[in-house]
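Residue-level structure breakdown
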Amino acid sequence: MLTPISRADTIDRLVEPNLDLAVIGGGIAGARIAFEAARLGLRVALVDGGDFGSGTSSASSKLVHGGFRYLPMGDIGLVRESQHERRVLMERVAPNLVRPLPFLLPAYAGSPRGPAAVAAGLLMYRALSGRGGRVAWLRGRPIHDAVPGLRLDGLRMCGTFDEAETIDSRLVLATVKAAAKSGALVLNHAKVVGLELRHNRGGAVTIDAGRDGALELRARHVINAAGPWVDHVEEGWRAGVAMPLGGGRVALGIPWQGMLMLGTTDTPYSGDPAGVQVTEADVSSVLDEASGFLEAGMLRRDRVRFQTAGLRALPVVEGDTAAARRGHMIEVSRNGLVSVAGGKLTTHRVIACDALRRLPRSSVDGLALDERRLPGTGWSLEVEERTDLEPDVADHLERLYGDQAGQVLALAGAMADGLERIHPSGPDVWAQVAYAFRSEWARTVDDVARRRTTLAGRGLLTEEIVARIGAMARSESLVSAVT
Ligand SMILES: Cc1cc2nc3c(=O)[nH]c(=O)nc-3n(C[C@H](O)[C@H](O)[C@H](O)COP(=O)(O)OP(=O)(O)OC[C@H]3O[C@@H](n4cnc5c(N)ncnc54)[C@H](O)[C@@H]3O)c2cc1C
């Protein structure tokens, strides 16, 4: 899919009056809903007010996880479901984009969960994981082989278990590509500003598409998946760390793209989702909690190169948000609007199917969880055959573009600087930027830097790079908004 249908053509087709389903919100949930529905033969539109994946789905902890932290909450069903989904995503749906990552679970003297509780939790986790779940206990050197900076003083026991990590924004993008390939009309930077529904007979969705003006689309059904609306290079980490904090919370240390990601907080937030930001207090609390398992020298403020905040839609609970259920919620309003909230990246396929099952059965006959591999995942023969690529660039292209990496290489071949690194310290190359604009619906510098490449996440977005990507956006005749 080198050239998706153009934005202008998409808009022309969106306003044709025969849509079966309009999906509002192109995060992981909306993208998968659109894919599953299009696969069933429905005429589907997927619209996002910002970029695909620009909400919580690109601000996650980048884990496709079996739900270890939900065990103390007694949510066995969610753990079992998450474990199954992790395996299917890793092995079949998005291999290479979802990759195994072991985790260490240390128990320190004085920590809220002692060695016996941690061991019991691990054994139960393994029992729920079905095929392939591994747990083990580590001592001495293997601990530092896996996590070089782990504190050993006061360490009473260290368990290890299997999880997986992903590049969340690219998982969303791969799912949007799958939806488009199955016939869904997909449009980003198209905000829903009005919704008029007639009782169970669908209705009209009014969209502000920025410079492309306002449009109204009509659909028989509408699903609202609009959601709620770190770090330093660490070489040698082969595992993540999860340290229980009590109250259902864990402090995480996750090696991701050559950096160390720390988090998360559970700060309640009820303002406009667009306004959510990382506060000084958040940074202090993340660094403070990480000091429970990491050496102090690793946790200096000046080593933090990027921070991100996302919101999780949770049911209202008394007390701490950490104790709220992490399963998803689906509601159907009296006029037939299906709304989806909460859940996890890991379980997004289940969420999508549950949402679609709330439509009249005649519309979703034959719906079943699909395990087909997403486009832009898996492995690339073209990359493997190229001996002229630097190893980190080759790995990076295969990781981000999977079986579509050859398309990026073909584009690079037609550019003078296609394989030149965008920043000397990172593996992203200029052909990725052109590819993002031409074939991955990118429209702004932010779309490219945060969600198509790893530039922003690595803290490598200099003014010069912003200007050059902006110039490429203009030369691709697209709107460039430097945000
Ligand atoms: C800090 C944090 C860490 C997390 N870590 C993990 C993790 O490691 N693993 C995991 O499995 N889960 C994790 N989660 C949960 C997971 O990230 C979310 O459940 C998931 O991303 C939600 O996806 P979504 O599609 O429902 O919402 P979103 O990704 O927020 O998507 C909603 C979309 O709707 C669009 N939108 C909003 N309003 C409009 C409008 N008016 N018109 C059109 N579009 C609109 C937005 O632009 C957005 O793109 C984490 C959550 C948080 C908050």
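Residues numbered from 1 in each chain as written. Predicted model: local features only at pLDDT ≥ 70, side-chain atom pairs only at ≥ 80, totals over all residues. Heavy atoms only, no water.

A few words now on the packing of aromatic side chains. Under the counting rule described, the total for this entry stands at six aromatic pairs. Ring centres of Phe-68 and Tyr-125 lie 5.0 Å apart, and the angle between their planes is 85°; on these two criteria the pair is classed as edge-to-face. Taken together, the residues span a long stretch of sequence, with Phe-68 in the loop between strand 3 (63-64) and helix 3 (76-93) and Tyr-125 in helix 4 (residues 115-128) at a distance of 57 residues. Here Phe-68 matches Tyr-125 in class, with each residue buried. Where Phe-68 meets Phe-161, the ring centres are 4.7 Å apart and the plane angle is 20°; that geometry is what we call stacked. With Phe-68 in the loop between strand 3 and helix 3 and Phe-161 in strand 6 (residues 155-166), this pair connects stretches of sequence that are 93 residues apart. On the basis of relative accessible area, Phe-161 is assigned to the buried category, the value being 2%. Put simply, the rings of Phe-68, Phe-103, Tyr-125 and Phe-161 pair up and form one aromatic cluster. (Phe/Tyr/Trp six-rings, centres within 6.5 Å; stacked < 30°, edge-to-face > 60°. Helix = DSSP H or I, 4+ residues; strand = E, 2+ residues; numbered from the N terminus. Buried < 20%, exposed > 50% of the residue type's maximum accessible area, 1.4 Å probe, protein only.)

What the largest cavity holds in volume is close to 40 Å³. In terms of lining, the largest cavity is formed by Gln-83, Arg-86, Tyr-125, Arg-126, Ser-129, Gly-133, Arg-134, Val-135, Phe-161 and Asp-162. Among the elements of the structure, helix 3, helix 4 and strand 6 are those that each provide at least two residues to the lining of the largest cavity. Its residues assigned to classes, the lining of the largest cavity comprises three nonpolar, three polar and four charged. (1 Å grid on protein atoms, 1.4 Å probe; cavity = no way out; pocket = protein on both sides within 12 Å on 5 of 7 lines; lining within 4 Å. Points joined across faces, edges and corners; volume = space filled by probe spheres on them. Nonpolar A, V, L, I, M, F, W, Y, C, P; charged D, E, K, R; others polar.)

Contacts to the ligand come from 35 residues, most closely from Asp-48, Ser-57, Leu-63, Gly-343 and Thr-346. Interatomic distance of 3.0 Å between a backbone N/O atom of Thr-56 and an oxygen atom of the ligand. Within the backbone of Val-192, an N or O atom sits 2.9 Å from a nitrogen atom of the ligand. Contact with the protein chains covers 93% of the free accessible surface of the ligand, which is 1,000 Å². Residues of the shell around the ligand, tallied by class, amount to 13 nonpolar, 16 polar and six charged. Viewed by domain, the shell around the ligand spans two of them, domain 1 (7-56 + 169-229 + 325-364) and domain 2 (63-166 + 231-312), each represented by three or more residues. (Near = heavy atom within 4 Å. Polar contact = N/O pair within 3.5 Å; in protein donor to acceptor, adjacent residues only side chain to side chain. Areas by Shrake-Rupley, 256 points an atom, 1.4 Å probe, with all protein chains shown as cover. Domains from an automatic or database assignment.)

With a phi angle near 65°, Lys-62 is a residue other than glycine that sits in the positive phi range. Summarising the element assignment, Lys-62 is placed in the loop between strand 2 (44-47) and strand 3. One non-glycine residue, His-189, adopts positive backbone phi at about 50°. The topology assignment puts His-189 in the loop between strand 7 (185-187) and strand 8 (191-197).

With that settled, the discussion passes to the environment of Met-329. Following the sequence through the fold, Met-329 ends up in strand 14 (residues 328-332). Accessibility expressed as a relative area gives 29% for Met-329, which makes it partly exposed. Sequence-wise, Met-329 and Glu-390 are 61 residues apart; in three dimensions their C-alpha atoms are separated by 46 Å.

Here we come to the domain arrangement of the protein. When the domains of the protein are assigned, the result is domain 1 (7-56 + 169-229 + 325-364), domain 2 (63-166 + 231-312) and domain 3 (381-482). Taking the mean C-alpha position of each, domain 2 and domain 3 sit 30 Å from one another. The interface is formed by eleven residues belonging to domain 2 together with ten residues belonging to domain 3. Buried surface at the junction of domain 2 and domain 3, both sides included, amounts to about 950 Å², of which 42% is carbon and sulfur. Its largest share of buried area at the contact with domain 3, domain 2 owes to Asn-96, Gln-257 and Phe-306, together 52% of the area lost on that side. At the junction of domain 2 and domain 3, the tally comes to one salt bridge. Linking Glu-165 and Arg-399 is a salt bridge whose minimum nitrogen-to-oxygen distance equals 3.2 Å. The tally of links from domain 2 across to domain 3 stands at four residue pairs in polar contact (both at pLDDT 80 or more). Of all the secondary-structure elements, those providing two or more residues to the side of domain 2 that touches domain 3 are strand 4 (98-108) and strand 6. The residue makeup of the side of domain 2 that touches domain 3, split by class, is four nonpolar, three polar and four charged. (Contact = heavy atoms within 4.5 Å. Buried area = accessible area lost by both parts, 1.4 Å probe. Salt bridge = Lys/Arg side-chain N within 4 Å of Asp/Glu carboxyl O.)

Let's shift gears to the side chain of Arg-458. Counting through the fold element by element, Arg-458 comes out in the loop between helix 13 (445-452) and helix 14 (463-475). For Arg-458, the contacting residues outside a window of four places in its chain are Gln-257, Met-259, Arg-305, His-396, Gly-426, Pro-427 and Asp-428.

Burial of nonpolar side chains together is a common tendency in soluble globular proteins. Counting residues in each nonpolar core, the largest one holds 84 residues, and the members touching the most others are Leu-21, Ile-33, Val-44, Ile-223, Leu-356 and Ile-469. The element contributing the most residues to this core is helix 2 (residues 28-39), with eight residues. Leave out the neighbours within four places in its chain, and Ile-469 touches Trp-430, Val-433, Phe-437, Val-445, Val-448 and Leu-455. (Core = buried A, V, L, I, M, F, W, Y, C linked by side-chain atoms within 4.5 Å.)

What follows covers the environment of Glu-289. As for its position among the elements, Glu-289 is in helix 7 (residues 280-290). Residue classification places Glu-289 among the buried residues on the basis of a relative accessible area of 18%. Separated by 39 residues in sequence, Glu-289 and Val-250 place their C-alpha atoms 9.0 Å apart. Ignoring sequence-local partners within four residues, the contact set of Glu-289 consists of Met-243, Leu-245, Arg-249, Ala-251 and Thr-264.

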